[in-house]
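Architecture and fold: a report
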Amino acid sequence: MTNSAMAVAAPRRRALHGHPLLDRLVPIATIVLALIAIWYVAAVLMNMALVRDAFEREETPYTASELIAGTMEAERPLLPAPHQVIAAFVDSVFGYPLNAPRSLVYHSAVTLSATLLGFVLGALLGIALALMIVHSRVLEKSLLPWIICSQMVPILALAPIFIVVLGALGLQGLLPKSIISAYLSFFPVTIGMVKGFTSPDPMQLDLMRTWSATPAQVLTKLRWPAAVPYLFAGLKVAITISLIGAIVAELPTGGEAGIGARLLAGSYYGQTVQIWSALLAAAILASALIGLVGLAERVVGRQMGTRP
Amino acid sequence: MNPLADAGTLADATPRRLAVDISDISLTFETADGEVEALSKVNLQIAAGEFVSFIGPSGCGKTTVLRVIADLQQPTSGTLSVNGMSAEQARLSRAYGYVFQAPALFPWRTIEKNLKLPLEVMGFSDSEQRERAARYLALVNLSGFERKFPWQLSGGMQQRVSIARALSFDPHLLLMDEPFGALDEIVRDHLNEQLLQLWDKTAKTVLFVTHSIPEAVFLSTKIVVMSPRPGRIIDVIDCDFPRQRTLEIRETPEFLKVAHRVRVGLRAGHAYDE
């Protein structure tokens, strides 16, 4: 009874849904539309008092629709409406030459370079620390607590210290930002790789021993490949916090360039639209970076025979 | 060439070399609840070319015997020689291949690369690796599966790969720790027959841990019955079926007689418990 009902229902379901890509996009689009709707309502409510004050100051009569329209076009709203953010974003991405100080592409590129260098440094440091921890109990006991402590200090407090100290050492520009970025991003890689390097089955380790494998062989032929899934899990977290680290590092540098500098300048001058468009740029950058790591993971996974 | 006659002359002409010589081995574990005597004064001599099964309830130390021979664990007291060497020397000279309960294949390597793994570790040349991988895959009837990954094979096939892997570097000794324990009866029977043929073809010494009485009697030239707390040998039964035997011998009176003796031994060991 139920079986036959399901058999009938199955093709109908398929007809309703259509292309698999569409199936995946529909739920995402629904959420995005709902968020945009909530955003508009919030913009109206939050900017209402601001606009009403402006009308009353000029002593002009206003209607409700004028009031609502005003909340979506204010120059310095508390909460800019989505279309204002998009317009400002499009303008600052396409409206200026790529190296102009008002171009969001320019600022994104500055932050991206610090992010990528920080990510590479952080990943290498993370793997090196994990290797040391896995191979020595003494190092595990002495290093691990400090590694965990390092992440308990807020980076916002540490970043200016880093900038000042590194500046005194003659390091400026890209490198100090990357170091702050690496300081954050090594952590998930270390934690993941410690787990990954110790993930081989005891039987696999015993097998290597029965073949009298050297420690280097155990590492390259067993521990390292076994750790690859953990590596990618760590790298996905690391790449986003590399970006956060780079942006935070741009705040105390006085705001010359970078997404962080745009955020800082925006908040100085009450340019909420500029802040939001910089945030949008950061979000797009983060998604693209995670996407790239995910792509690398799939390519490596295919070569390593991961079950589809 | 008749393998049966061949084996006969081999056995008669040369005085049998000892593959494994265990004397007075004891092994004590320190656990949270105090000491556990995993092995107590175990003595055993195994001649080259024999097929010896270890049978007994869990905790009787049959796996431990294998691990001690393989130098994966060190005895607390007693002496042990493997191919006339110490266990460590034997391991370093790659004297044995070990097959575990689970296939323990490396999931990121294809079947061929899994077979090549010990050869890579031992530094065989590329051409030798290729040649041996092909030869031993053929030996376990898995030619054509070179490029598959382990998850694409059934449990029985995976275990055959792990046996081929253990044989690939041509060790004198094959240590097998319940290799077919996780497989169903029919696959198990089939693999038992294949294993016997393999043993006949390669003339290895095989040490085989099992829970199954019929499996032990069917495969072995010698059955070692063990008992737990402390782990010790309570009976060693010779089992002289012809080298080339079929599953049908399991219905013969001789077979049942040996099986009965194993069962009596096991029961005596268990009585200690209750």
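Residues numbered from 1 in each chain as written. Chains lettered and ligands numbered in written order. Predicted model: local features only at pLDDT ≥ 70, side-chain atom pairs only at ≥ 80, totals over all residues.

Section: the overall build of chain A
A tally of regular secondary structure across chain A gives 12 helices and zero strands. Listing the helices and strands of chain A from first to last along the sequence gives α-α-α-α-α-α-α-α-α-α-α-α. Here the C-alpha radius of gyration of chain A, 26 Å, is well above what a compact globule of 308 residues would show, namely 19 Å. Along the first, second and third principal axes, the C-alpha set of chain A runs to 90 × 80 × 35 Å. For chain A, contacts bridging at least 24 residues in sequence account for 75% of all contacts bridging at least 6. (Helix = DSSP H or I, 4+ residues; strand = E, 2+ residues; numbered from the N terminus. Rg over C-alpha atoms; globule rule 2.2 N^0.38 Å. Contact = placed C-beta atoms within 7 Å.)

Quick notes on unusual backbone geometry
Residues and elements named next belong to chain B. The omega torsion of the bond from Arg229 to Pro230 falls at -10 degrees, within 30 degrees of zero and hence cis. Positioned with a positive phi, Ala203 is a non-glycine residue whose angle comes to about 55 degrees. By secondary structure assignment, the location of Ala203 is in the loop between α7 (185–202) and β7 (205–210). A tally of 13 C-beta atoms within 10 Å means that Ala203 is categorised as partly exposed. Unlike most non-glycine residues, Arg229 shows phi in positive territory, near 45 degrees. Within the secondary structure, Arg229 sits in the loop between β8 (222–227) and β9 (232–238). (Buried ≥ 20, exposed ≤ 12 C-beta atoms within 10 Å, placed from the backbone.)

Quick look at the packing of helix α4 (residues 82–94) of chain A against helix α12 (residues 272–303) of chain A
Residue and element names in this part refer to chain A. Where α4 meets α12, the closest approach of the two axes is 9 Å, and the angle between their N-to-C directions is 70 degrees. The angle between α4 and α12 falls in the class roughly perpendicular. For the pair α4 and α12, the contacting residues are Gln84, Val85, Ala88, Phe89 and Ser92 in the first and Val273, Gln274, Trp276, Ser277, Leu280 and Ala281 in the second. Residues belonging to the contact of α4 with α12 are distributed by class as follows: seven nonpolar, four polar and no charged. (Axes fitted to C-alpha atoms, helices over the stretch in contact; angles between N-to-C directions. Parallel < 35°, antiparallel > 145°, perpendicular 65-115°, else oblique. Nonpolar A, V, L, I, M, F, W, Y, C, P; charged D, E, K, R; others polar.)

Let's talk about the sheet that holds β7 of chain B
Residue and element names in this part refer to chain B. Read from one edge of the open sheet, six strands run β5-β6-β7-β3-β8-β9, paired in mixed fashion. Whereas interior strands pair on both sides, the edge strands pair on one side only; in this sheet they are β5 (96–99) and β9. Going across the sheet, the axis of each strand differs from the next one's by a mean of 15 degrees, ignoring polarity. Where strand β6 (residues 173–177) lies against β7, five bridges are found, and the strand directions are parallel. From the neighbouring strand, Asp177 faces β7, where its bridge partner is Val209. (Pairing = 2+ DSSP bridges.)

Overview of the packing of helix α5 (residues 104–135) of chain A against α12 of chain A
Residue and element names in this part refer to chain A. At a minimum axis separation of 11 Å, α5 and α12 run at an interaxial angle of 50 degrees. The orientation of α5 relative to α12 falls into the category oblique. Crossing handedness for the pair α5 and α12: right-handed. Every residue of α12 that contacts α5 at Leu104, Ser108 and Leu112 is listed here: Ser277, Ala278, Ala281 and Leu285. Partitioned by chemical class, the residues of the contact of α5 with α12 number five nonpolar, two polar and no charged. (Left-handed = near helix turned anticlockwise from the far one by under 90°.)

Side note on the domain arrangement of chain A
By domain assignment, chain A separates into domain 1 (13–78) and domain 2 (104–303). A C-alpha centroid distance of 36 Å is found between domain 1 of chain A and domain 2 of chain A. (Domains from an automatic or database assignment.)

Details of the pairing of β7 of chain B
Where a strand is regular, its side chains alternate between the two sheet faces. All names here are of chain B. When you tally the buried positions in β7, you get six out of six residues, the bulk of the element. Residues Thr205, Leu207 and Val209 line one face of β7 and the alternating positions Val206, Phe208 and Thr210 line the opposite face, and both faces are buried. Examined bridge by bridge, strand β3 (residues 51–55) and β7 share five bridges and lie parallel to one another. What sits directly across from Val52, in β7, is Leu207. Traced from β6 through α7 to β7, the parallel crossover comes out right-handed. (Right-handed = clockwise from strand over helix to strand, strands pointing away.)

Quick notes on the confidence of the model for chain B
Residues and elements named next belong to chain B. Mean pLDDT over chain B works out to 84, with 92% of the residues at or above the 70 mark. Looking across chain B, the model is least confident in helix α1 (residues 3–13), with a mean pLDDT of 42, and most confident in helix α4 (residues 111–122), with 93. This complex was scored by the predictor with a pTM of 0.81 and an ipTM of 0.84. (pLDDT = per-residue confidence, 0-100.)

So, helix α2 (residues 62–69) of chain B
Residues and elements named next belong to chain B. With respect to burial, α2 is a largely interior element, eight of its eight residues being buried. Within α2, the full set of buried residues consists of Lys62, Thr63, Thr64, Val65, Leu66, Arg67, Val68 and Ile69. Downstream of α2 by a residue or two, Asp71 has a phi angle that is positive, lying close to 65 degrees.

Observations concerning the nonpolar core
Within the largest apolar cluster, 80 residues are counted, with the highest numbers of intra-cluster contacts made by Ile69, Leu175, Leu207 and Val262 of chain B. Here the element with the most residues in this core is helix α6 (residues 155–167) of chain B; it accounts for six residues. Ignoring sequence-local partners within four residues, the contact set of Leu175 of chain B consists of Leu66, Ile69, Ala70, Tyr96, Tyr98 and Leu207 of chain B. One finds Ala159, Ile163, Ile180 and Ile239 of chain A within the second-largest nonpolar core, a separate group that totals 48 residues. (Core = buried A, V, L, I, M, F, W, Y, C linked by C-beta atoms within 7 Å.)

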